[in-house]
Amino acid sequence: MNRRDWIRATAAAAAAGFAPGFVGCGVRESGSGVDPEPTVRFPGKVEMRVINDRPPCLETPWRFYREDFTPNHAFYVRWHLQAFPTSIDLASWRLRIGGNVERPLELSIDDLKKMDRTTIAAVNQCSGNSRSLFQPRVTGAQWRNGAMGNAKWTGVRLRDLLKRAGLKAGAVDVVFDGLDEGPLPGVPDFLKSLKADHALEAEPLVAFEMNGEPLPALNGFPARLVVPGWYATYWVKALTKIEVWDKSYDGYWMAKAYKIPANPRANESPDRLDAKIEPINRLNVRSFFTSPDRGSIVVSGTPITLSGIAFDGGSGIKRVEVSFDDGRTWRETMLGEDHGRFSFRRWKLEWTPTEAGERKLLVRATNRSDETQTADPIWNRGGFMRNVIESLAVVVV
Amino acid sequence: MKERMRNAGGFPLVATGALGILSAWVSYLGVRDYWDSSTPNVPEIVATNVLLPYEEVHIPDGPNRVVFQTSCVICHSPRLIFGQPTISEAKWLEVVNKMVATYGAPIEPEDERKIVAYLVSVQADRGDR
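Now for a description of the structure that goes with this document.

Rules behind the numbers
Residues numbered from 1 in each chain as written. Chains lettered and ligands numbered in written order. Predicted model: local features only at pLDDT ≥ 70, side-chain atom pairs only at ≥ 80, totals over all residues. Heavy atoms only, no water. Helix = DSSP H or I, 4+ residues; strand = E, 2+ residues; numbered from the N terminus. Contact = heavy atoms within 4.5 Å. Areas by Shrake-Rupley, 256 points an atom, 1.4 Å probe, with all protein chains shown as cover. Buried < 20%, exposed > 50% of the residue type's maximum accessible area, 1.4 Å probe, protein only. Arc of directions from axis to C-beta. Phe/Tyr/Trp six-rings, centres within 6.5 Å; stacked < 30°, edge-to-face > 60°. Pairing = 2+ DSSP bridges. Buried area = accessible area lost by both parts, 1.4 Å probe. Salt bridge = Lys/Arg side-chain N within 4 Å of Asp/Glu carboxyl O. Axes fitted to C-alpha atoms, helices over the stretch in contact; angles between N-to-C directions. Parallel < 35°, antiparallel > 145°, perpendicular 65-115°, else oblique. Left-handed = near helix turned anticlockwise from the far one by under 90°. Nonpolar A, V, L, I, M, F, W, Y, C, P; charged D, E, K, R; others polar.

Attention now moves to the overall build of chain B. In terms of regular secondary structure, chain B is built from five helices and one strand. Of the regular secondary structure in chain B, the N- to C-terminal order runs α-β-α-α-α-α. Looking at chain B alone, contacts between residues at least 24 apart form 62% of all its contacts between residues at least 6 apart. About 9200 Å² of surface is accessible on chain B, with carbon and sulfur atoms providing 61% of the total.

What follows is the structure, encoded as structure tokens:
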């Protein structure tokens with residue numbers, strides 16, 4: 001370390017004392033006026049931010065996004081109904097496939113495991129991920145950005161199951177039911193549906209493994225639907241029934257909940273809600289910084305590696321760019337290993353900061369269909385599909 | 001003579017070799033599951049039974065606190081409610097109405113107004129967020 005380095009390091013240490021005030025995310029101690037965030041350790045999970053405890057809704061701590069695959073013990077959790085399954089015995093668990101089919105099936109986990117299996121890397125993101133960042137605010141689970149995760153899902157193709165049961169002519173919708181139930185008879189059971197054409201595509205799976213392990217109880221043990229490229233609301237957990245309908249399914253969770261304005265950005269005005277709405281469907285393009293941490297102190301003249309993740313609804317990420325001048329110019333980053341078009345895609349960029357002071361960096365991704373992110377956030381009544389250009393504040397010393 | 005000696009020595013050698021290969025194969029049968037799997041062999045999970053942690057959520061004092069407690073907490077944790085952003089009285093009424101009309105919460109219309117009063121009061125105490 002020469003004298004110059006020593007001065008820089010000392011300056012960095014001094015600046016660190018001021019940094020929390022600048023980034024607004026300082027240490028929250030008692031008496032500071034802001035209570036510490038509620039975090040709890042649930043079975044099989046690390047300590048996670050609790051959005052709700054009955055039923056559990058838990059947010060993934062940000063550091064886990066530095067890995068391409070989100071570990072099962074840190075994967076976010078979102079249940080809708082209070083009576084969610086905490087005890088399942090595989091000796092009696094069955095997956096029933098019925099409705100408009102030739103041969104109704106009742107399959108055990110062993111029956112499923114005997115069928116051809118496939119593995120796919122796919123992002124599972126809650127429709128309402130980042131809802132707490134909407135302005136004006138929207139009621140609902142107040143997620144920050146941690147209601148998403150990427151995993152390798154292993155299971156049986158949904159279409160293989162449907163073919164085994166034999167779809168009768170005129171199939172319109174395929175309806176999925178998990179073991180979770182409402183706490184009162186009046187609470188609509190959580191059922192979701194896919195169009196029959198979609199259910200017969202190659203991607204949707206009935207998965208029994210996540211990152212090479214059985215699904216955690218809180219993430220849908222013993223089997224869940226995996227709908228690559230689509231929001232997690234369709235990925236029914238603790239799946240127990242698949243029913244083929246010869247007409248449109250119109251249950252509450254499809255007809256009333258999880259609806260978005262039917263325009264390309266799912267955008268509407270709080271003062272004039274769109275009359276035309278549709279069920280939420282494919283993920284839009286997003287990208288994030290995962291390193292360095294927000295508010296980090298970086299030293300002028302010393303190169304550092306910026307990195308993060310990007311993903312979309314299945315076109316695949318074509319390009320990720322970072323701006324150092326509030327979006328006037330953009331520098332293309334290096335993309336990491338390609339785990340498939342539904343996965344997180346790592347990006348990295350070497351950066352040598354020069355001017356001392358507060359710096360705001362921006363990141364935006366573009367997919368292979370040339371869909372990208374914009375600086376103006378969308379708004380909609382459900383607080384769904386936020387995908388604004390994200391920023392990272394650092395202090396250069 | 002020379003030939004006989006060679007045969008006599010050859011047979012045990014072949015037999016020992018064959019026996020060696022046979023025993024290697026037999027022992028492979030025993031360990032092949034471990035040998036062939038690249039991942040460590042873990043016992044298969046046949047059931048799950050999780051005990052959820054219980055974290056008491058503080059329900060602040062306020063008008064009609066008991067009505068709130070007996071009506072709203074049957075179906076979900078109060079944590080979800082106290083985590084909501086600051087919203088208007090009209091919006092709270094809309095939320096409580098939805099609990100009754102959509103989710104079938106057994107709440108009398110008169111209690112709906114009491115619950116809204118409690119929510120607005122608790123929200124005012126904690127300030128905007």
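Turning our eyes to something else, we now look at helix α2 (residues 65-72) of chain B. Residues that lie three or four places apart on an α-helix share one face, since the helix turns once every 3.6 residues. All names here are of chain B. Within the sequence span of α2, burial applies to V67, F68, S71 and C72. For α2, the arc enclosing every buried residue in end-on projection is 100 degrees, short of the 170-degree limit, so these residues lie on one face. More than 90 degrees from the buried face of α2, the exposed residues found are V66 and T70.

Moving on to the packing of aromatic side chains. Residues and elements named next belong to chain A. The final tally for this structure, using the stated rule, is 21 aromatic pairs over all chains. When the ring of F75 is compared with that of Y76, the centres are 5.8 Å apart and the planes differ by 20 degrees; the resulting orientation is stacked. When its relative accessible area of 4% is taken as the criterion, Y76 is described as buried. Here the aromatic rings of Y258 and F384 are separated by 5.5 Å at their centres, their planes lie at 20 degrees, and the arrangement is stacked. Of the two residues, Y258 is situated in the loop between α5 (252-255) and β16 (259-261) and F384 in the loop between β25 (357-367) and β26 (390-396); the sequence distance between them amounts to 126 residues. In this pair, the class of Y258 matches that of F384, namely buried.

Our focus in this paragraph is the sheet that holds strand β19 (residues 297-298) of chain A. All names here are of chain A. Strands sit in the order β19-β26-β25-β21-β22 across an open sheet of five strands; the sheet is mixed. With partners counted over all chains shown, the strands left at the sheet margins are β19 and β22 (331-332), one partner each. In this structure, β19 lies alongside β26, joined through two bridges in parallel fashion. Bridging from a neighbouring strand, I297 pairs with V395 of β26.

We now examine the environment of A121 of chain A. All names here are of chain A. Locating A121 in the fold gives a position in strand β8 (residues 118-125). The buried category is assigned to A121, whose relative accessible area is 10%. Non-local contacts of A121, meaning those with residues more than four positions away in its chain, are made with F69, N150, A151, K152, H339, F342 and S343.

The next subject is helix α3 (residues 158-165) of chain A. Residue and element names in this part refer to chain A. Buried within α3 are the following residues: L158, L161, L162 and A165. Seen end-on, α3 carries its buried residues on one side only, within an arc spanning 95 degrees. Residue G166 follows α3 closely and has a positive phi angle near 75 degrees.

All names here are of chain A. Summarising the element assignment, E321 is placed in strand β21 (residues 317-323). Judged by relative accessible area, E321 falls into the buried class, the value being 10%. Beyond its immediate sequence surroundings of up to four residues, E321 is in contact with W330, R331, E332, T333, L362, V363, R364 and T366.

Our next topic: the environment of M115 of chain A. Residue and element names in this part refer to chain A. By secondary structure assignment, the location of M115 is in the loop between α2 (109-114) and β8. As a C-alpha pair, M115 and L161 span 46 residues in sequence and 9.0 Å in three-dimensional space. Not counting residues up to four positions away in its chain, the partners in contact with M115 are V156, D160, L161 and R164.

We now examine the interface of chain B and chain A. In this complex, chain B contributes 32 residues to the contact, which on the side of chain A involves 35 residues. For the pair chain B and chain A, the summed buried surface comes to about 2800 Å²; carbon and sulfur atoms form 62% of the total. When the area that chain B buries against chain A is broken down by residue, the three leading residues are T48, R79 and Y103 of chain B, summing to 21%. Measuring nitrogen to oxygen at the nearest pair gives 3.1 Å for the salt bridge that ties D53 of chain A to R79 of chain B.

All names here are of chain A. Taken in spatial order, the four strands of this open sheet run β1-β2-β3-β4, and their pairing is antiparallel. Edge positions in the sheet fall to β1 (39-41) and β4 (77-78), since each has one partner strand and no second. Where β1 and strand β2 (residues 47-53) come together, three bridges link them in antiparallel fashion. Residue pairing in the sheet places R41 in a bridge with E47 of β2.

All names here are of chain B. Close contact between α2 and helix α5 (residues 109-126) brings their axes to 9 Å; oriented N to C, the two are set at 110 degrees. Considering the angle they form, α2 stands roughly perpendicular to α5. α5 is crossed by α2, and the crossing has left-handed handedness. Of α5, the residues touching α2 (which contributes R65, V67, F68, S71 and C72) are D111, K114, I115, Y118 and L119. Among the residues forming the contact of α2 with α5, the class breakdown is six nonpolar, one polar and three charged.

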